[in-house]
Amino acid sequence: MSLQTSRAQPHESALGHVTGDARYIDDIPAPANTLHVAVGSTDSICGQISRCDLAAVRTAPGVIDVVTAEDVPGKLDIGAVYPGDPLLADGRVEYARQPVFAVAATSLRLAQQAVKLANIDLIEERAQLSSAAAIDAGDFVLPTRTWRHDEGIETEATTSIDGTLTIRGQEHFYLEGQAALAIVEEHGALRVHSSTQHPDDIQHQVADVLGLSMHNVRVVTRRMGGGFGGKETQAAPVACLAALFAQRTGHPVKYRMPRHDDMVMTGKRHDFDASYRVSCDEDGLLTNVEMELAGKCGFSPDLSEGIVDRAMFHAMNGYYTPKAEITGYRCRTNTVSHTAFRGFGGPQGMIAIEAAMDELAFATGIDPLTLRLRNLYAPGRDTTPYGQKVEQHMLADLMSQLAKNCRYTERQAEARAFNTESTNLKKGLALTPVQFGISFTATHLNQAGALLNVFRDGSVEINHAGTEMGQGLFTKVAQVVSRSLGLPLTKIVLGATQTDKVPNGSPTAASSGSDLNGMAALDACNQLKSRLVSFARNDLGWSKDQELVFANGIVSCGTQSLPFDELIKAAYLARVQLSVAGFYKTPDIHFDKEAGKGSPFFYYANGAAASEVMIDTMTGEYRLLRTDILHDVGESLNPAVDLGQIEGGFIQGLGWLTTEELLWDDAGRLISNSPANYKIPTADNCPEQFNVDFFNAPNPRPTIYRSKAVGEPPLMLAISAWCALRDAACAAGNYKSLPGLSAPATPEQVYWAAQQAMTQGEQR
Amino acid sequence: MTHASDTRPTTLWVNSGQQTLPAHSHNTSLLLFLREHCLSTGTKEGCGSGDCGACTVILRDLKTGNTQSVNSCITPALAARGQQVVTIEGVGSIDAPHPVQSAMVSEHGSQCGFCTPGFVMSMVAEQLSAPTLAERTRADDVRAISGNLCRCTGYRPILTAARQANEVVATSNRPPEQWLPNIDAAVDRDESADGTASYCMPTTEQELQALLKRSLNANTNPLIAGTTDLWLQVSQNYVDFESVVDITRIESLRAIDTTRDALTIGACATHGELLSFFTTSGSDCPAIAEILLRFGSPQIRNRGTIGGNLAGGSPIADWPPLLMALDAHLTLTNSSGMSRQIRVADFFKDYRRTELRTDEYIARIHLPSIDEDAYRTLRAYKISKREEDDISSVMAAFDVRMQGEAVSHCRIAYGGIAATPIRLESLEQSLLGRALTNANIESACEQLRSTIKPLTDVRASADYRRAMSASLLKRALLDARGTPVARLDHPT
């Protein structure tokens, strides 16, 4: 049997997915008398609640119970890190459609019909709707941070560019909306099935809201129908309301958010406004970078501290500068509180510096790829603005290899020749890198537990605190156990994530799922094996001089061997403990947030993408013709899963930067509020030529089997497509000026960029 | 017409068995019925509005055996009477998966898995309706899943799985329809196609007219056809209708008739049937086909009707500009059986308001004979944020012909630049007889830009719409002149 890791093992639930057998929260057969929740709100934007008349709601057909903030027996605030997120509006409404009350009724339809009968009035206040307005007012959800870095190297800047970039947010659009099912058990304890990336947080929040201790609440998460960060904190209000009604009524209670509610009521990726001044010397080497990143946080902090920090961490992507000043604003706005989304602020910081690199290339006349290659971190030029030394310098090789493989330079020349001949169709190319820091920047979250249960027939169940949202974590952890214990995957069952099996779990986020939980599972396996080694040597008299080998379902030691299940049976009879708790914490990381200094990341994951587009300058319509990707996953735990993360992450990033346009009206209401007007990519947006390869290099850090995290980094590979669109718009003006292009680059934005290039091209 | 009493439940064929639908279920979607009554929870709700495809099921007509994929979230359960509903549970199981399911596993086509049953159903539906499975292109496979959203995979492995599964089925000796669950042929199939008092299914126009005599309120007792737009009232706004009248079983409203003098399309002809008609040799119209291929998704085209697209009165509907440029007329018929004709160009009065009176229905659309040049000279362009399954920001249709140097025939119609779809007759007049010099084209574009007052909304800004109206006019006129500009999907 070859190694169980490094194999393109199908997803552990693949057959369940394709047959409809895999169950999500709404598919769990609901117990009799299950109630259904809907949430009521007002379309007014913000202000004190002057009237909240729910009489008609209470008497509506099917309604069993109605709650407002006053009915919460425990803590009302469910802010994940900082306070500020009331479960239901506490006298004030801070954004359009903020939940004010909730209803439990005998059907979802009746609950939804009932909440429309409320009469809620506000003493309306002027809403603050943009980051710019918040900065003008000095109104932030958390204090502004500025990180300064100066290596004291005297350099002469010969070129400086100033720029700004508007970067819109992104709706998660997980296909399974938020959902929870709460069931009252004995002595008022609660069992909550939740579609969440962070069962521990659900347990903690439900306990606080209900006035219980955490040991009275058990949270179960088998799988999510997508998460992408949107079920890290945003799952909590859903679970808490279901639990609150369950506690009050004794009924089982399900809260499944319909798509429209999910789109208007839950947080999204932050909009960012970036402004920067970037300088370089005559060789194009960066001398100084000043960047301001203003995140539109919405009305509360939620996770915005770390998100804006991560934008700041990635404001240099893979580039070295001897001098930098990076400022991050956390702007308070009367909009839904924005939250985690794959990349966690990193993509917004990264696209800002990539936009700046193209502007610098244009200003200096240096080819953009050449400029990027020159500025990569390298030995001696290896300190980031936050003080971490980059130790693994692979990007130069990786980018050069990608450029060669995809004939980047030749195709660039071909595109230029095409553009000379073509009137309204223009091609654009770009090759951009990704260097993404891996670890939670909140250091305490970098811990994980696992529970390995071996049953006396030799079958194995592995539990850990990581959650499965489609990313293949369970498959990878099963492969780790399989490899470590030398067992076929059929012998291993993956238990649902349960807070009573592995407590105090961190969110499955920050790409850390397999790094943390894989190691915790391996620790459990190693502990089990050492117990079995002692048993075999002491009780079975196996040689003390030779290693025990676990392979192919057999445990052997020199000439002696037993099938795994027989060894287990013997160990059980000899009263060896066959249940093991594993644990892991990431070593060597530390960070001082205020000073902006430290080593927050265990390592970096790297990659690069080259994209080629064609635009029609008459309309702004475009097509992504080809994308080539070379990505660093270390020693892959599962090439199929990793490939899926790279391809899927790229297309999700492509959506963020092209067709997905989050829009609010002037009053502050979300108008991109349904899939009819918010367009995530379809199969047609996947480029016909889409070549993805791994850059094979084991992780020098001791991660699980030398693999690397892969969840978030590939999303940022899509910046190549955005840069290519801008290059094509530039071609519309014969490369005489580089037009501005906001993100997302919808056909409309590409049209205006091309127009700008043509107008400025004429003027020069 | 026979009305089963509303006080007794009705039955529907789901996979290989009959399932009972409770009385008074006229506001129940097929999705809700499957999930809550049949416990077929493999069919998922992703959006409830027909945009994501997670709820895709196949309907097989019990009489004809024809199959089509539909979004069960915006299909009334009772619309499936007379059909076999095939769900994900019906096409295969863990022990005996369908080739599409096997390919999705081996090609890693699922990640979170929530959208997966919908993709499988769309791919199975495509195998059932595609005549030559072995010769399919990547573009065909892309179109087949254009109504299904996946947020995890980026689609590449799903397309690979589609190709692999098509090859498996094409080379096997088990034709696609034999993968569907069997039903007992002994059961009286005709009986199950009845309507109920609250879900009326008239089968003739006379029956429909009799129903209209009861002065039905369009808000509470609407006429429904494909429900691809109207059912959002039920699924998104939680409206309960008192009753509905499903007019799709009236054969005379479904017919597409070609005579020597005219083409007559019944209002209940679906976009899918029309796509097939306008891509068939002898009745092909490339411009209409191009727009229809981007119209909604296969699931939407299978249910949505041309009459519904007009009756909705949307300023961004895709049919009106096409029909206006072809100078189509409508027959509107009232409860007394009296008919009147009106130009499509005169049908739209204001935002979402049409000439249709409460006791009238759209019966037929009248177009020029399919042999007319218009179907070959028609040009139509659609601008949207996303190429597939998106609503137009601006859409335009042109029939501009030249005689020598001068414009001899000119019809121009737009959607998305006013409160209604509009035909631009003054612009047409100013172009007639003129030569299409660059200067004249520019001045026509300027005339258009300066006369329209489009809106800014979630799809586009007013400025962009204004610019696009001119760009599309320019594209059409350059094409009419014989000096076409290159287009993305038709690079020169």
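Every chain is numbered independently, its residues counted from 1 as its sequence is written. Written order decides the labels, with chains lettered from A and ligands numbered from 1. Per-residue local features are limited, in this predicted model, to residues with pLDDT of at least 70; the limit for side-chain atom pairs, both in listing and counting, is 80 or more; totals at the level of whole chains, interfaces and linings are taken over all residues. Excluded from the side-chain calculation are hydrogens and water; included are all heavy atoms of the structure.

Numbered from the N terminus, helices here are DSSP runs of H or I no shorter than four residues, and strands are runs of E no shorter than two. Counting its regular elements, chain B contains 17 helices and 21 strands. For chain B, whose C-alpha radius of gyration is 23 Å, the value lies close to the compact-globule estimate of 23 Å for 492 residues. The principal-axis extent of the C-alpha atoms belonging to chain B is close to 70 × 55 × 45 Å. Exposed residues in this analysis have more than 50% of their type's maximum accessible area, buried residues have under 20%, and partly exposed residues fall in between, with area computed by a 1.4 Å probe over protein chains only. Across the 492 residues of chain B, 60% fall into the buried class. Any two residues whose heavy atoms approach within 4.5 Å are treated as being in contact. Residue pairs at least 24 apart in sequence account for 64% of intrachain contacts in chain B once pairs closer than 6 positions are excluded. Looking at chain B as shown, the accessible area adds up to about 18000 Å², and 47% of this sits on carbon and sulfur atoms. When we talk radius of gyration, it's over C-alpha atoms, and the globule rule is simply 2.2 Å times the number of residues to the 0.38. Surface accessibility in these figures is a Shrake-Rupley result with a 1.4 Å probe; residues are shielded only by whichever protein chains are displayed.

Now for the sheet that holds strand S14 (residues 339-343) of chain B. All names here are of chain B. Strands are labelled as partners when DSSP assigns at least two bridges between them. As summarised here, the arrangement of the 5 strands in space is S11-S12-S17-S13-S14, forming an open sheet in which the pairing is antiparallel. Unpaired on one side and paired on the other, strand S11 (256-258) and S14 mark the two borders of the sheet. Here the average twist between neighbouring strands, direction ignored, is 25°. Relative to strand S17 (residues 360-368), strand S12 (residues 262-266) runs antiparallel, the two sharing 5 bridges. Pairing of Thr 264 across the sheet is with His 366, part of S17. Angular values range over 0 to 180 degrees, each being the angle between N-to-C directions of two axes fitted as lines to C-alpha atoms, with helices fitted over their stretch in contact. Relative to S17, helix H7 (residues 205-212) is tilted by about 140°, and along the sheet it contacts strand S13 (329-334) and S17.

All names here are of chain B. Helix length check: helix H16 (residues 438-451), at 14 residues, gives a terminal C-alpha distance of 20 Å against a target of 20 Å (1.5 Å per residue), a fit within 8%. Among the residues making up H16, those that are buried are Asn 440, Ile 441, Ala 444, Cys 445 and Leu 448. Each buried residue of H16 sits inside an arc of 140° when the element is viewed along its axis, so together they form one side. In H16, the exposed positions that point more than 90 degrees away from the buried face belong to Asn 438, Ala 439 and Ser 450. In this scheme, a helix's expected span is set at 1.5 Å multiplied by one less than its residue total. The directions from the helix axis to the C-beta atoms are what the arc is built from.

Residue and element names in this part refer to chain B. Domain start and stop positions are those given by an automatic or database domain assignment. Here chain B is partitioned into domain 1 (99-179), domain 2 (194-246), domain 3 (251-368) and domain 4 (393-481). Between the C-alpha centres of domain 1 and domain 3 there is a distance of 32 Å. Each partner contributes residues to the interface: domain 1 has 6 residues there, and domain 3 has 4 residues. Here domain 1 packs against domain 3, burying approximately 370 Å² in sum over the two surfaces, 47% of which is carbon and sulfur. Two parts placed together each lose some accessible area; with a 1.4 Å probe, that loss summed over both constitutes the buried area. On the domain 1 side of the contact with domain 3, Arg 143, Ser 146 and Gly 147 bury the most area, a combined 75% of that side's loss. Definition used for salt bridges: Asp or Glu carboxyl oxygen within 4 Å of a side-chain nitrogen of Lys or Arg. For the pair domain 1 and domain 3, the number of links is 0 salt bridges. Within 3.5 Å is the distance limit for a polar contact, defined as a pair of N or O atoms, with the added protein rule that one can donate a hydrogen and the other accept it, and that residues adjacent in sequence qualify only through two side-chain atoms. Our count for the domain 1 to domain 3 interface comes out at 2 residue pairs in polar contact (both at pLDDT 80 or more). Gly is placed with the polar residues, together with every amino acid not listed as nonpolar (Ala, Val, Leu, Ile, Met, Phe, Trp, Tyr, Cys and Pro) or charged (Asp, Glu, Lys and Arg). When grouped by side-chain class, the residues that make up the side of domain 1 that touches domain 3 number 1 nonpolar, 4 polar and 1 charged.

The interface of chain A with chain B comprises 80 residues on the first partner and 78 residues on the second. Considering only the side of chain A, the residues that lose the most area to chain B are Val18(A), Arg109(A) and Leu175(A), jointly responsible for 11% of the buried surface there. The tally of links from chain A across to chain B stands at 12 salt bridges. Across the salt bridge formed by Lys679(A) and Asp390(B), the nearest N and O atoms sit 3.7 Å from each other. Where chain A meets chain B, there are 39 residue pairs in polar contact (both at pLDDT 80 or more). Taken together, the elements giving at least two residues each to the side of chain A that touches chain B come down to helix H1 (14-19), helix H3 (108-115), helix H7 (259-265), strand S27 (603-616), strand S28 (622-631), helix H16 (639-657) and helix H18 (747-763) of chain A. A total of 8 residues in the side of chain A that touches chain B trace back to one element, the largest contributor, which is H16(A). Within the side of chain A that touches chain B, the residues separate by chemical class into 36 nonpolar, 25 polar and 19 charged.

Right, let's get into the environment of Gly282(B). Residues and elements named next belong to chain B. Examined against the element boundaries, Gly 282 turns out to sit in the loop between helix H9 (271-278) and helix H10 (286-293). For Gly 282, a relative accessible area of 53% corresponds to the exposed category. Counting along the chain gives 89 residues from Gly 282 to Asp 371, while the straight-line C-alpha distance between them is 8.0 Å.

This next bit is on empty space enclosed by the protein. To find the voids left in a structure, one rolls a probe of water-molecule size over its atoms. Residues and elements named next belong to chain A. Method remark: on a 1 Å grid restricted to protein atoms, a set of points is classed as a cavity if a 1.4 Å probe fits but cannot get out and as a pocket if it is open with protein on both sides within 12 Å along at least five of seven lines; lining residues have an atom within 4 Å of a point. Grid points are joined across faces, edges and corners, and a volume is the space filled by probe spheres set on the points. Scanning the model with the defined rule gives 13 cavities of 30 Å³ or more in all. Met 469, Gln 471, Ser 511, Gln 645 and Gly 711 are, among the 27 residues lining the largest cavity, the residues nearest its centre. Of all the secondary-structure elements, those providing two or more residues to the lining of the largest cavity are helix H13 (473-485) and helix H14 (513-538). Looking at the lining of the largest cavity residue by residue, the classes come out as 10 nonpolar, 13 polar and 4 charged. Taken as a whole, the second largest cavity holds about 340 Å³ of empty space. Ile 78, Tyr 95, Gln 234, Pro 237 and Met 265 are, among the 25 residues lining the second largest cavity, the residues nearest its centre. Broken down by element, the residue count for the lining of the second largest cavity peaks at 4 residues, all from helix H6 (residues 236-249). Residues that form the lining of the second largest cavity fall into these classes: 16 nonpolar, 7 polar and 2 charged.

Per the counting criterion, the structure on display carries 77 salt bridges over all chains. The partner of Glu612(A) in a salt bridge is Lys427(A), with the nearest N and O atoms 3.8 Å apart. With a gap of 185 residues between them, Glu612(A) in strand S27 and Lys427(A) in strand S16 (residues 425-438) connect regions that are remote in the sequence. Lys427(A) matches Glu612(A) in its accessibility class, with the two residues each being buried. By sharing partners, the salt bridges in this structure join Asp26(A), Asp27(A), Lys254(A), Arg256(A), Arg35(B), Lys44(B) and Glu45(B) into a single network.

What follows deals with the domain arrangement of chain A. Residue and element names in this part refer to chain A. According to the domain assignment, chain A contains domain 1 (31-126 + 172-265), domain 2 (271-441 + 593-763) and domain 3 (447-585). Using only C-alpha atoms to locate each centre, domain 1 and domain 3 end up separated by 38 Å. On the side of domain 3, 17 residues touch domain 1, which itself brings 18 residues to the contact. Interface area for domain 1 against domain 3, summed over the two sides, is near 1400 Å², with a carbon-plus-sulfur share of 53%. Linking domain 1 with domain 3 are 1 salt bridge, by the criterion used here. Of the charged contacts, one joins Arg 218 and Asp 500 as a salt bridge, the two residues approaching to 3.5 Å between their closest N and O atoms. Where domain 1 meets domain 3, there are 5 residue pairs in polar contact (both at pLDDT 80 or more). Elements supplying a minimum of two residues to the side of domain 1 that touches domain 3: helix H5 (199-210) and strand S11 (217-221). With 5 residues, the single largest contributor to the side of domain 1 that touches domain 3 is S11. Residues of the side of domain 1 that touches domain 3, tallied by class, amount to 6 nonpolar, 7 polar and 5 charged.

On to the nonpolar core, then. In terms of nonpolar packing, the biggest core is built from 239 residues, with Leu293(A), Leu452(A), Phe564(A) and Trp722(A) touching the most fellow members. No other element matches H14(A), which puts 12 residues into this core. Dropping the residues within four chain positions of it, Trp722(A) is found in contact with Leu165(A), Ile351(A), Ala355(A), Leu657(A), Leu741(A), Ser742(A), Ala743(A) and Ala745(A). By nonpolar core we mean a set of buried residues, namely Ala, Val, Leu, Ile, Met, Phe, Trp, Tyr and Cys, connected to one another through side-chain atoms within 4.5 Å. Core analysis: the next-biggest nonpolar cluster, separate from the first, contains 41 residues, Ala287(B), Leu323(B), Ala328(B) and Met395(B) among them.

Before going further, it helps to examine the packing of aromatic side chains. What counts as a ring pair is set by centres within 6.5 Å for rings of Phe, Tyr and Trp (its six-membered ring), and what kind of pair is set by the plane angle: stacked under 30 degrees, edge-to-face over 60, tilted for all other angles. Applying the stated criterion to the full structure yields 22 aromatic pairs over all chains. Arranged with centres 5.7 Å apart and planes meeting at 90°, the rings of Phe398(B) and Tyr414(B) form a pair that is edge-to-face. Of the two residues, Phe398(B) is situated in strand S19 (residues 394-403) and Tyr414(B) in strand S20 (residues 406-415); the sequence distance between them amounts to 16 residues. Phe398(B) gets classed as buried once you look at its relative accessible area, which sits at 1%. Exposure remark for Tyr414(B): the relative accessible area of 0% places this residue in the buried category. The ring of Trp664(A) is capped by Lys296(A), whose NZ or CZ atom sits 3.9 Å from the centre of that ring. Positioned over the ring face of Tyr705(A) is Arg483(A), at 3.7 Å from the centre of the ring. Counting as a charge over the ring demands two things of the Lys NZ or Arg CZ atom: a distance within 6 Å of the ring centre and an angle within 35 degrees of the ring normal.

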